[in-house]
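# An overview of the molecular structure
Listed here are the chains, written in short residue letters.
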Amino acid sequence: MTKLQLSNVSKRFQAVQALKDVSLELDAGQMLAVLGPSGCGKTTLLRSIAGFEFPDAGAISVDGKVFMNRRTWVRPEKRRVGYVPQNGVLFPHLTVAKNIAFGLSRAERKSSRVSDMLALVGMDGLGERMPHELSGGQQQRVALARALAPAPSLVLLDEPFSALDAGLRAALREEVRTTLKAIGATAIMVTHDQEEALSMADRVAVMRHGCCVQVADPVSLYKYPADLGVARFVGEATLLQAPVANGCIDTLFGRLKVASGCPENCRRATIMLRPEQFVVGKPQGQPVSGRVLKTIYHGHDALIYLRADAPLGTEDIRVRVMGAPAFAPGDRVGIAVSGDVMAYPQPSPEDERAGRQERAA
Ligand SMILES: Nc1ncnc2c1ncn2[C@@H]1O[C@H](COP(=O)(O)OP(=O)(O)OP(=O)(O)O)[C@@H](O)[C@H]1O
């Protein structure tokens, strides 16, 4: 069932077009991550859904109930939307329990709701603490509990983990995801961290200059980005220039098939390869040979930077391998490619000029 529907929502602040014709749909119980660079309109989108911003145009409805359109405007407090602003922000003069009880009716305060919420976010017994007596992660959990306490129909989280260190961030991500799934909440989370978006969400919306440029499940978004900007934003990408003919490109790696949906024929195309698509081994018998420039170890995997001996019409190649890299800088290796590749027509100089003018506007 469609939970949230946005149609052509636009919002301008003086000269800045913060949202431009944003359309989105989200099913009940799903989590949508809104991903994009700073200033692309993520918070404005969330605030528009919560009712803290008044869009200039478009329509927003939840569970089929119109929140806003040309004729209707539902006040924020009537929307039953739980909002966790950036960095949580608790009321500093209230205990944890009173923070959580803040938006509840008198009857709800007398019920077990507050202690249920404390248990839900793993903070049993800490209701009488003051916010300054909590760690950053605990404060975020209380902010989440406060947003969930009135049983909202939709939960909005604005960069909920941005103030936390890497370890706590990873742990809390998992806890929040589990908590939201446990109560079947529909949620939207703003982030500018692609790993966070891909690992937590059922669907990801990528925004750029106020526009929603792609909405997809994490796997499709990573494998089949709508354009080169999205490709580079959601992960490492190696690019080559090559013509596409009959759905294939001929490269030093051999004949590669372009993914479905890409142009079958295109004289000037940019080909995008993910680090997982390269296979590195001994130089013998491989279509392309090269030299290891450097390796970056991430614990669970590693990135190897390679330079091919023959010019490939590309920058240095980045290859992802599981665990520690078996190669060191200076080693000679063979490089092959597996799987379909994405091909994007290169914009003509006129297209690029038009794009620049549109962004400036
Ligand atoms: N109240 C406001 N008045 C004027 N301009 C605003 C206002 N709120 C947002 N903007 C502008 O609208 C654009 C989108 O802002 P928004 O906060 O939605 O971006 P964001 O993607 O959430 O950024 P960040 O990741 O840095 O939080 C920015 O250019 C911002 O400066």
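Please read these numbers as outputs of a predicted model, since none were measured by experiment.

## Details of the sheet that holds strand β11 (residues 238–244)
Spatial ordering of the open sheet is given by β11-β14-β20, a layout of three strands whose pairing is antiparallel. Lying at the two open borders of the sheet, with one neighbouring strand each, are β11 and β20 (342–345). Neighbouring strand axes in the sheet, compared pairwise and without regard to direction, differ in orientation by 35° on average.

## Structural notes on the domain arrangement of the chain
Accessible area lost when the parts come together is the quantity often used to give the size of an interface. According to the domain assignment, the chain consists of domain 1 (2–223) and domain 2 (236–360). A straight line from the C-alpha centre of domain 1 to that of domain 2 covers 37 Å.

## Some points on the sheet that holds strand β7 (residues 154–158)
If you walk across this open sheet you meet the six strands as β6-β7-β8-β3-β9-β10, and the pairing is mixed. Of all the strands in the sheet, the pair left with one neighbour each is β6 (81–84) and β10 (211–216). When the angles between neighbouring strand axes are averaged without regard to direction, this sheet yields 15°. Relative to strand β9 (residues 203–208), strand β3 (residues 31–35) is paired through four bridges, and the arrangement is parallel. Note that in β9 the partner of Val-34 across the bridge is Ala-205.

## Considerations on the site of the ligand
By nearness alone, every residue bordering the ligand is listed as Phe-13, Val-16, Ala-18, Gly-36, Ser-38, Gly-39, Cys-40, Gly-41, Lys-42, Thr-43, Thr-44 and His-192. Residue assignment for the shell around the ligand shows that the elements contributing at least two residues are β2 (16–27) and α1 (42–50). Looking at which element gives the most residues to the shell around the ligand, the answer is α1, with three residues. Split into classes, the residues belonging to the shell around the ligand amount to four nonpolar, seven polar and one charged.

## Description of the packing of helix α5 (residues 136–148) against helix α6 (residues 166–182)
Orientation of α5 relative to α6, taken along the N-to-C sense of each, is 20°, at an axis distance of 11 Å. By the angle between their axes, α5 is roughly parallel relative to α6. Once α5 is placed against α6, the crossing between them reads as right-handed. On the side of α5, the interface is formed by Gly-136, Gly-137, Gln-140 and Leu-144, while α6 contributes Leu-168, Leu-172, Val-176 and Thr-179. Of the residues contributing to the contact of α5 with α6, the split by class is four nonpolar, four polar and no charged.

## Things to note about the pairing of strand β8 (residues 187–191)
Taking burial as the measure, the five residues of β8 include five buried ones, the bulk of the element. Of the two faces of β8, the one holding Ala-187, Met-189 and Thr-191 and the one holding Ile-188 and Val-190 are both buried throughout. Here β3 runs beside β8; their pairing, made up of five bridges, is parallel. Within β8, the position partnered with Met-31 by the bridge is Ala-187. The pairing of β7 with β8 spans four bridges and is parallel. In the strand pairing of β8, Asp-158 is matched with Val-190.

## Topic: α1
Counting buried positions along α1 yields nine of nine residues, so the element is predominantly enclosed. Among all positions of α1, only Lys-42, Thr-43, Thr-44, Leu-45, Leu-46, Arg-47, Ser-48, Ile-49 and Ala-50 are buried. Looking one or two residues beyond α1, the residue adopting positive phi is Gly-51, at roughly 95°.

## Examining the nonpolar core
Grouped together as the largest cluster of nonpolar side chains are 95 residues, with contacts concentrated most on Ala-33, Leu-156 and Ala-343. Among the elements that make up this core, the one with the highest residue count is α5 (six residues). Of the domains in this structure, domain 1 (2–223) and domain 2 (236–360) are the two that each give at least three residues to this core. Residue contacts for Leu-156: discarding those within four places in its chain leaves Leu-46, Ile-49, Ala-50, Val-81, Gly-82, Tyr-83, Val-84 and Ile-188.

## A few points about the confidence of the model for the chain
Overall, the predicted model of the chain reaches an average pLDDT of 88, with 94% of residues at or above 70. Scored as a complex, the prediction yields pTM 0.85 and ipTM 0.98.

## Concerning α6
Under the 1.5 Å per step criterion, the end-to-end length of α6 is 24 Å for 17 residues, consistent within 8% with the ideal 24 Å. Residues of α6 that are buried include every one of Leu-172, Arg-173, Val-176, Thr-179 and Leu-180, and no others. Within α6, the buried residues cover an arc of 140° as seen down the axis, which keeps them to one side. Along α6, the residues that are exposed and aim more than 90 degrees away from the buried face are Gly-167, Glu-174, Thr-178 and Ala-182. Those residues of α6 that are buried lie in contact with β3, α4 (113–120), α5, β7, β8 and α7 (194–200).

## Remarks on the environment of His-298
Mapped onto the elements, His-298 comes out in the loop between β16 (288–297) and β17 (301–308). According to the C-beta neighbour criterion, His-298 is exposed, with 10 such atoms within 10 Å.

## Observations concerning unusual backbone geometry
Positive phi, close to 45°, is recorded for Asn-8, a residue that is not glycine. Of note, Asn-8 is situated in strand β1 (residues 2–13). Here Glu-159, not a glycine, exhibits a phi torsion of approximately 45°, which is positive. Along the chain, Glu-159 turns up in the loop between β7 and α6.

Scoring rules and cut-offs
Residues numbered from 1 in each chain as written. Predicted model: local features only at pLDDT ≥ 70, side-chain atom pairs only at ≥ 80, totals over all residues. Pairing = 2+ DSSP bridges. Helix = DSSP H or I, 4+ residues; strand = E, 2+ residues; numbered from the N terminus. Axes fitted to C-alpha atoms, helices over the stretch in contact; angles between N-to-C directions. Domains from an automatic or database assignment. Near = placed C-beta within 6 Å. Nonpolar A, V, L, I, M, F, W, Y, C, P; charged D, E, K, R; others polar. Parallel < 35°, antiparallel > 145°, perpendicular 65-115°, else oblique. Left-handed = near helix turned anticlockwise from the far one by under 90°. Contact = placed C-beta atoms within 7 Å. Buried ≥ 20, exposed ≤ 12 C-beta atoms within 10 Å, placed from the backbone. Core = buried A, V, L, I, M, F, W, Y, C linked by C-beta atoms within 7 Å. pLDDT = per-residue confidence, 0-100. Expected span 1.5 Å × (residues − 1). Arc of directions from axis to C-beta.

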